[in-house]
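# Coordinate analysis (summary)
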Amino acid sequence: THDTSHFVLKSFNQSHMKIPPGQHVHIRDNIEGMEITRSYTPVQIITGEKRQEAVIDFLIKIYPDGALTPKLDLLQPGDEVEISDYTGDFTLDKLHGKSTIYLLAAGTGITPMLSILPEIGETTKIC
């Protein structure tokens, strides 16, 4: 939608961070003297070509009155962003052996679903 932005983050020290499907990271910044942290799930962007660099993609809805997203919306290439290591309770083994999986999401809440879709077996029905 018009208020959702695609962010591509690259490590400044050439380290590689692979985030397992269904996991998320915390993006942290100091806003008006307060540390603000929000959770975001990376997405796998399908471009048809293999990327040469290790990057992490995010689809983030920008809320004009949000605590963190207005500042994220002002980011320029080369700006630094502090992110945590990945975390979360979901693991792909919870999907193994399932014949049907129901996914329900709204808005940018679809990003966790997008991260696991490529990992679901062809014999599993997705509803």
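Residues numbered from 1 in each chain as written. Predicted model: local features only at pLDDT ≥ 70, side-chain atom pairs only at ≥ 80, totals over all residues. Heavy atoms only, no water.

Attention now goes to the nonpolar core. Grouped together as the largest cluster of nonpolar side chains are 14 residues, with contacts concentrated most on F7, I27, Y40, F58, I60, L68 and L72. Those elements that place two or more of their residues in this core are β1 (4-10), β2 (25-31), β3 (34-40) and β4 (55-61). If near-sequence neighbours (up to four positions away) are discounted, Y40 is found in contact with H24, V25, I27, F58, I60, L68, T69 and L72. (Core = buried A, V, L, I, M, F, W, Y, C linked by side-chain atoms within 4.5 Å. Buried < 20%, exposed > 50% of the residue type's maximum accessible area, 1.4 Å probe, protein only. Helix = DSSP H or I, 4+ residues; strand = E, 2+ residues; numbered from the N terminus. Contact = heavy atoms within 4.5 Å.)

Our focus in this paragraph is unusual backbone geometry. Its identity as a non-glycine residue notwithstanding, E32 has a phi of 50 degrees, on the positive side. With respect to the helices and strands, E32 occurs in the loop between β2 and β3. Classification of E32 by relative accessible area gives exposed; the value is 81%.

What follows deals with the environment of E80. Structurally, the position occupied by E80 is in the loop between α1 (69-73) and β5 (82-83). Along the sequence, E80 and S11 sit 69 residues apart, while their C-alpha atoms lie 9.2 Å from each other.

A word on the sheet that holds β3. In space, the three strands of this open sheet follow the order β3-β2-β5, with antiparallel pairing throughout. Edge positions in the open sheet fall to β3 and β5, since each of these has one partner strand only. Pairing geometry for β2 and β5, over two bridges, is antiparallel. Paired with I27 across the two strands is I83, which belongs to β5. (Pairing = 2+ DSSP bridges.)

A separate point is the pairing of β1. Of the two faces of β1, only the one carrying S5, F7 and L9 is buried; T4, H6, V8 and K10 on the other face are not. Sheet analysis places β1 next to β4, joined by seven bridges and oriented antiparallel. Bridge pairing in β4 places H6 opposite L59.

The next thing to look at is the side chain of D57. Mapped onto the secondary structure, D57 falls in strand β4. Side-chain polar atoms of D57 contact the side chain of H6, separated by 2.6 Å. (Polar contact = N/O pair within 3.5 Å; in protein donor to acceptor, adjacent residues only side chain to side chain.)

Our next topic: the pairing of β2. Here seven bridges tie β2 to β3, and the two strands are oriented antiparallel to one another. Note on β3: the bridge partner recorded for N30 is E35. Two successive antiparallel strands, β2 and β3, enclose a turn made up of two residues, where E32 displays a positive phi of approximately 50 degrees.

Okay, the side chain of T111 next. One can find T111 in helix α2 (residues 111-116). On the accessibility criterion, T111 (6% relative accessible area) is buried. Residues in contact with T111, not counting those within four places in the same chain, are T41, P42, V43 and L59.

Right, let's talk about the pattern of salt bridges for a bit. In total, this model carries three salt bridges according to the counting rule given. A salt bridge links K61 to D3, with the nearest nitrogen and oxygen atoms 3.7 Å apart. Remark: D3 occurs in the segment before β1 and K61 occurs in strand β4; sequence separation between them is 58 residues. What makes K61 partly exposed here is its relative accessible area of 27%. Of the charged contacts, one joins R28 and E82 as a salt bridge, the two residues approaching to 2.9 Å between their closest N and O atoms. Of the two residues, R28 sits in strand β2 while E82 sits in strand β5, which places them 54 residues apart along the sequence. The class of R28 is partly exposed, set by a relative accessible area of 21%. (Salt bridge = Lys/Arg side-chain N within 4 Å of Asp/Glu carboxyl O.)

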